[in-house]
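Structural overview for review
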Protein chains: 2
Amino acid sequence: MTLPKSSLSQAEHTAADYYFDSYAHFGIHEEMLKDTVRTRSYQAAIMQNEFLFKDKIVLDVGCGTGILSLFAAKAGAKHVYGIERSAIAEQARQIVEDNRYQDRITIIQGKVEEVDLPVPQVDIIISEWMGYFLMYESMLDTVLYARDKWMAPGGIMMPDRCTMSLVAIEDADYRHEKIDFWDNVYGFDFSAIKRLAMQEPLVDVVDQEQVVTEACKLSTFNISDMTKSDAAFTVPFRLVASRNDYIHALVAYFDVYFTACHKLVWFSTSPKSRSTHWKQTVVYLEDTITICQGEVITGQLTCSPNKSNPRDLDISIEYSFKGKNSSAQGRQEYRMR
Amino acid sequence: MTLPKSSLSQAEHTAADYYFDSYAHFGIHEEMLKDTVRTRSYQAAIMQNEFLFKDKIVLDVGCGTGILSLFAAKAGAKHVYGIERSAIAEQARQIVEDNRYQDRITIIQGKVEEVDLPVPQVDIIISEWMGYFLMYESMLDTVLYARDKWMAPGGIMMPDRCTMSLVAIEDADYRHEKIDFWDNVYGFDFSAIKRLAMQEPLVDVVDQEQVVTEACKLSTFNISDMTKSDAAFTVPFRLVASRNDYIHALVAYFDVYFTACHKLVWFSTSPKSRSTHWKQTVVYLEDTITICQGEVITGQLTCSPNKSNPRDLDISIEYSFKGKNSSAQGRQEYRMR
């Protein structure tokens, strides 16, 4: 018996506290900091755009160890407020002092929805809020709350645009290892768990060689003016095969843009880009689709927070395919938890 | 921002519930089942020893998906009771039915300390309770509780013996990546976190080529007659270098024995054995020790549950070295959380 180490704690907290306690462990921040695609993009967006930051008031929502706040202060911000609910805020405060920014960075430990800022407005909000499948963890709600409460007219969100995209992949080997494994576990029928495994999106790195279709953009989120309800959506998709192959799964990923920069800064979590700690999100189909180059899978994808556990995401996919060598249609439900 | 997926939940539970909720997710059981060193050892200990199991009453403490209960039933047990607190018990019950063992396996969802068994005594207790560093998670307490409450005179514990051992390793590269990383994070001083990183044992796979000393056995635990208090211990160690090298860290691992078997069944989590999901536990030393073949590091290791969070482990190490090319002594405190 062994849980992943970071998911253990014995103190009598609620699970909501527990969620933030998990961010108190430095290991999670280590993984995020070592994701150089992520961190160097923020670094470029902030530090190569001093003209945006000079003498500005900046808010860093969910500042963690304070790295984005430090970037903003170094870029010339007049003052940076970093809000962080988890206990890593203590280290963030120490790091700010150790780097002699205590006069220009203030770390506030608390919930964004509950803390007071010593200023009525901020000019720029920076935040790294993106979860798996973009929306998992629903921290975007908190960023939008901060925007609506404190953002000055004409202020800048960083990032200010995200897109979500879909591709289909060949994945026979991994499907066998992750799903069909349960058919025979040391000689026993564990198919009771196979049903659970099928319903769960898998977060893993997809090899770009497995991608069988062109990418289909599902949705664009304009962080500067979207509302919380926009984070739940139903969108159509159309996936065109770029070669003859078999399709076992659909793969979602997102791209992140900082459009206010002098030169556009952006990064992608596509299987065709350098991998990030977000990896990609894979959902398996019951059917294996035998597809020919140019043939098309159509369908729609729905994503919404689970009603009983809003940090969980419900995802449903309807798809339809009629090809030369196979046809299929179905509707599948998934839950990210 | 992205937590490891399995550590998230929104329901208002206590963290103790949360601990068990984590075991409700099938992914943890998948990892344990796919650890073939672990699972095949239990399979051999049980299914190659039908003479032990025939017509016996068996208790499986923390049965998870029920795999050990199934092994025991297949080996001829009269009845197997599997106790599991987490919600995976529902799947275990379904799996038992799907494999037509519902007449001989009963899955009981609840805490070992609170449930009633329909029998006064059991003949064999099987359990896979071992955590990182053997004692992390302190599930052993629960196994000893079950033994004292239900075990028939002359009954068998499986496993019935564990040993813990220590080696020293060369680990300059990984130390640099995990510890010295914090000295300069994108140009900033994050040494506030370096202090935390030094205090935390690291669970990872150690390459056997890094092992610089002979193994030193720290302690033997006889599960059949030990008490809960034996799980906290202070033991001396003596590490003899098998080559000239540098030493950056000490590595603890454990071996597990089923001595009641016709032919001894055992497995090791040593860096020199095939790796398991327990990997090894690495603690870094402040000093780098320059050691010559035949030179000796002496010291003592103390391990005990943390007083405020008993699922956390406090580990302290005192060491002393006087060699031709360097000498060092120190005391370091670690906490597994």
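Residues numbered from 1 in each chain as written. Chains lettered and ligands numbered in written order. Predicted model: local features only at pLDDT ≥ 70, side-chain atom pairs only at ≥ 80, totals over all residues. Heavy atoms only, no water.

Digging into the overall build of chain A
To be explicit about the condition: Numbering of helices and strands runs from the N terminus, with a helix taken as a DSSP run of H or I at least four residues long and a strand as a DSSP run of E at least two residues long. As a reference, a globule follows 2.2 Å times the number of residues to the power 0.38, and the radius of gyration itself is taken over C-alpha atoms. Relative accessibility thresholds used throughout: buried, under 20% of the residue-type maximum; exposed, over 50%; partly exposed, between the two (1.4 Å probe, protein chains only). Contacts were defined at the residue level, with two residues in contact if any of their heavy atoms lie within 4.5 Å. Reported accessibility uses the Shrake-Rupley method at a 1.4 Å probe radius. Residues are deemed covered only where the shown protein chains occlude them. The charge count includes Lys and Arg as positive and Asp and Glu as negative, but it does not include His or the ends of the chains. Just so you know, the charge point we use is NZ for Lys, CZ for Arg, CG for Asp and CD for Glu.
For chain A, the helix and strand inventory stands at nine helices and 15 strands. On C-alpha atoms alone, chain A measures out to a radius of gyration of 22 Å, which is about the 20 Å that the 2.2 N^0.38 rule sets for 337 residues. In terms of overall dimensions, chain A has C-alpha extents of about 65 × 45 × 30 Å along its principal axes. By residue count, 61% of the 337 residues in chain A fall in the buried class. Contacts in chain A between residues at least 24 apart in sequence constitute 73% of all its contacts with a sequence separation of at least 6. As presented, chain A carries roughly 13300 Å² of accessible surface, and 45% of it is formed by carbon and sulfur atoms. Treating the 35 positive side-chain charges of chain A as one cloud and the 46 negative ones as another, the clouds have centres 4 Å apart.

Regarding the sheet that holds strand β14 (residues 313-322) of chain A
Hydrogen bonds between backbone atoms are what pair the strands of a sheet, whose relative direction is either parallel or antiparallel. Residue and element names in this part refer to chain A. Formally: For two strands to be treated as a pair, DSSP must find no fewer than two bridges joining them. Only the contacting stretch of a helix is used when fitting its axis, a line to C-alpha atoms as for every element, and angles between N-to-C directions run 0 to 180 degrees.
Strand order in the open sheet formed by four strands is β9-β13-β14-β15, with antiparallel pairing between adjacent strands. Looking at which strands have only one partner, the edges of the open sheet turn out to be β9 (233-240) and β15 (327-336). Between one strand axis and the next, the sheet turns through 15° on average, direction left out of account. In terms of strand pairing, β9 meets strand β13 (residues 296-305) through eight bridges, oriented antiparallel. Residue pairing in the sheet places Val-235 in a bridge with Leu-301 of β13.

Considerations on the packing of aromatic side chains
So the rule is basically this: To pair, rings of Phe, Tyr and Trp, with the six-membered ring standing in for Trp, must have centres within 6.5 Å; the planes then decide the type, stacked if under 30 degrees apart, edge-to-face if over 60, and tilted in the middle. Charges are assigned to positions over rings by a cutoff of 6 Å between ring centre and Lys NZ or Arg CZ, combined with an angular limit of 35 degrees from the ring normal.
Scanning the model with the defined rule gives 24 aromatic pairs over all chains in all. Relative to Phe188(B), the ring of Tyr101(A) has its centre 6.5 Å away and its plane inclined at 65°; by these criteria the two rings are edge-to-face. Note that Tyr101(A) is positioned in the loop between α6 (88-98) and β3 (105-109) and Phe188(B) in the loop between α8 (172-178) and α9 (191-199), a pairing that runs across two chains. For Phe188(B), a relative accessible area of 4% translates into the label buried. Consider the rings of Phe254(B) and Trp278(B), whose centres lie 5.4 Å apart with planes at 75°: the pair is edge-to-face. Placement of Phe254(B) in strand β10 (residues 245-258) and of Trp278(B) in the loop between β11 (265-268) and β12 (280-291) is noted, with a sequence separation of 24 residues between them. Exposure remark for Phe254(B): the relative accessible area of 2% places this residue in the buried category. Every member of this aromatic cluster is reached through a ring pair, and the members are Phe26(A), Phe181(B), Trp182(B) and Phe190(B). The cationic tip of Lys74(A) hangs over the ring face of Phe188(B); the distance from NZ or CZ to the ring centre is 5.3 Å.

What to know about the packing of helix α9 (residues 191-199) of chain A against helix α6 (residues 88-98) of chain B
Under the convention used in this document: Each angle is binned into one of four classes, with values under 35 degrees roughly parallel, values over 145 roughly antiparallel, values of 65 to 115 roughly perpendicular, and all other values oblique.
With their axes 8 Å apart at the nearest point, α9(A) and α6(B) run at an angle of 135° to one another. The angle between the axes of α9(A) and α6(B) places the two elements in the oblique class. Note on element contacts: α6(B) touches α9(A) through Ile88(B), Gln91(B), Gln94(B), Ile95(B) and Asp98(B), opposite Ser191(A), Ala192(A), Ile193(A), Arg195(A) and Leu196(A).

Points about helix α7 (residues 140-150) of chain A
Within α7(A), burial applies to Leu140(A), Thr142(A), Val143(A), Leu144(A), Ala146(A), Arg147(A) and Trp150(A). Of the surrounding secondary structure, the elements contacted by the buried residues of α7(A) are β1 (57-61), β2 (79-84), β4 (122-127) and β5 (151-158) of chain A.

Looking at the sheet that holds strand β4 (residues 122-127) of chain B
Residue and element names in this part refer to chain B. Strand order in the open sheet formed by five strands is β3-β2-β1-β4-β5, and the pairing between neighbours is parallel. Only two strands of the sheet have a single neighbouring strand rather than two, namely β3 (105-109) and β5 (151-158). In this sheet, adjacent strand axes meet at a mean angle of 20° when their direction is disregarded. Here strand β2 (residues 79-84) pairs with β3 via five bridges, running parallel. Residue pairing across strands places Ile-83 opposite Ile-108, the latter belonging to β3.

Regarding the state of the cysteines
Residue and element names in this part refer to chain A. Operational definition: What counts as a disulfide here is a pair of cysteine sulfur atoms lying within 2.5 Å.
A full pass over the atoms with the stated rule returns zero disulfides over all chains. Here Cys-162 is not disulfide-linked; the sulfur of Cys-303 is the nearest cysteine sulfur, at 13 Å. With relative accessibility at 1%, the residue Cys-303 sits in the buried group.

Here's the deal with the UniProt feature "domain: Protein arginine N-methyltransferase" (unreviewed entry) in chain A
Heads up, the rule is: UniProt positions are given in the numbering used here, feature names are shortened, and annotations may be inferred rather than shown by experiment.
If you check UniProt for "domain: Protein arginine N-methyltransferase" (unreviewed entry), the listed places come out as residues 160-323 of chain A in our numbering. Taken as a whole, residues 160-323 of chain A contains 10% helix and 47% strand, while its terminal C-alpha atoms sit 39 Å from one another.

Observations concerning the pattern of salt bridges
Selection rule: Note on definitions: salt bridges are taken to be side-chain nitrogens of Lys or Arg within 4 Å of carboxyl oxygens of Asp or Glu.
Across all of its chains, the model carries 26 salt bridges over all chains by this definition. Note that Lys178(B) and Glu30(A) form a salt bridge whose closest N and O atoms lie 2.9 Å from each other. Of the two residues, Lys178(B) is situated in helix α8 and Glu30(A) in helix α2 (residues 26-34); the pairing between them involves two chains. In this pair, the class of Lys178(B) matches that of Glu30(A), namely buried. Of the charged contacts, one joins Asp148(B) and Arg147(B) as a salt bridge, the two residues approaching to 3.0 Å between their closest N and O atoms.

Overview of the pairing of strand β12 (residues 280-291) of chain A
Here three bridges tie strand β7 (residues 202-204) of chain A to β12(A), and the two strands are oriented antiparallel to one another. Counterpart to Asp204(A) in the pairing with β12(A) is Gln280(A).

Some remarks on the pairing of strand β1 (residues 57-61) of chain B
Residues and elements named next belong to chain B. Applicable threshold: Throughout, right-handed denotes a crossover for which the path from the first strand over the helix to the second runs clockwise when the strands point away from the viewer.
In terms of burial, β1 is largely enclosed, as five of its five residues are buried. Of the two faces of β1, the one lined by Ile-57, Leu-59 and Val-61 and the one lined by Val-58 and Asp-60 are each fully buried. Taken together, the five bridges between β1 and β2 define a ladder with parallel strand orientation. Paired with Val-58 across the strands is Val-80, a residue of β2. Assessed by its sense of winding, the connection that carries the chain from β1 through helix α5 (residues 67-74) to β2 is right-handed. The sheet contact formed by β1 and β4 spans four bridges and is parallel.

Focus on the packing of helix α3 (residues 36-47) of chain A against helix α5 (residues 67-74) of chain A
Residue and element names in this part refer to chain A. Here is the rule we go by: Helix crossings fall into two classes, left-handed where the near helix is turned counterclockwise from the far one by less than a right angle and right-handed where it is turned clockwise. Classification convention: Asp, Glu, Lys, Arg as charged; Ala, Val, Leu, Ile, Met, Phe, Trp, Tyr, Cys, Pro as nonpolar; all other residues, Gly among them, as polar.
Relative to each other, α3 and α5 sit at 25°, their axes nearing to 9 Å. Between α3 and α5, the crossing angle belongs to the class labelled roughly parallel. As α3 packs across α5, the resulting crossing turns out to be right-handed. Here α3 contributes Thr-39, Tyr-42, Gln-43, Ile-46 and Met-47 to the contact with α5, which in turn contributes Ile-67, Leu-68, Phe-71, Ala-72 and Lys-74. For the contact of α3 with α5, the residue count by class is seven nonpolar, two polar and one charged.

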